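Remarks on the overall topology
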Amino acid sequence: MDIKTKISGLLLMLGSGLFIAGAIGFITGYLFQEQILPMAVFALIFIGVGASMKR
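So, here is what we can say about the structure in this document. (Residues numbered from 1 in each chain as written. Predicted model: local features only at pLDDT ≥ 70, side-chain atom pairs only at ≥ 80, totals over all residues. Heavy atoms only, no water.)

Helix and strand content of the chain: two helices and zero strands. The C-alpha radius of gyration computed for the chain amounts to 13 Å, which surpasses the reference 10 Å derived for 55 residues by more than 25%, pointing to a less compact arrangement than a globule. Its C-alpha atoms give the chain principal-axis dimensions of about 40 × 15 × 10 Å. Relative to its 55 residues, the chain shows a buried fraction of 18%. Sequence separation of 24 or more characterises 71% of the internal contacts of the chain that already satisfy a separation of 6 or more. Element-wise, carbon and sulfur atoms account for 76% of the exposed surface of the chain, whose accessible area totals about 4,200 Å². (Helix = DSSP H or I, 4+ residues; strand = E, 2+ residues; numbered from the N terminus. Rg over C-alpha atoms; globule rule 2.2 N^0.38 Å. Buried < 20%, exposed > 50% of the residue type's maximum accessible area, 1.4 Å probe, protein only. Contact = heavy atoms within 4.5 Å. Areas by Shrake-Rupley, 256 points an atom, 1.4 Å probe, with all protein chains shown as cover.)

See the structure below:
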């Protein structure tokens, strides 16, 4: 495996983890709406970059 594939996999996992953590935090009431929006933005950025690097 080359380094580009490893980095893209790491970015995909990081983005997915951020998205899941934000959803769980919102459902449990631990996070507020103002905290979730930046988490969702970063999650989408990480997932988009990771997916584009995998191609």
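Mapped onto the elements of the fold, Ser8 is located in helix H1 (residues 3-28). With relative accessibility at 0%, the residue Ser8 sits in the buried group. With 29 residues separating them along the chain, Ser8 and Leu37 place their C-alpha atoms 23 Å apart. Excluding residues that lie within four positions of it along the chain, Ser8 makes contacts with Gly50, Met53 and Lys54.

Now for H1. Helical geometry note: an α-helix holds 3.6 residues per turn, so side chains three or four residues apart project in the same direction. Its 26 residues place the ends of H1 37 Å apart at the C-alpha level, agreeing with the 38 Å of an ideal helix rising 1.5 Å per residue. The elements touched by buried residues of H1 are helix H2 (33-54). Immediately downstream of H1, the backbone of Gly29 shows phi near 85°, a positive value. (Expected span 1.5 Å × (residues − 1).)

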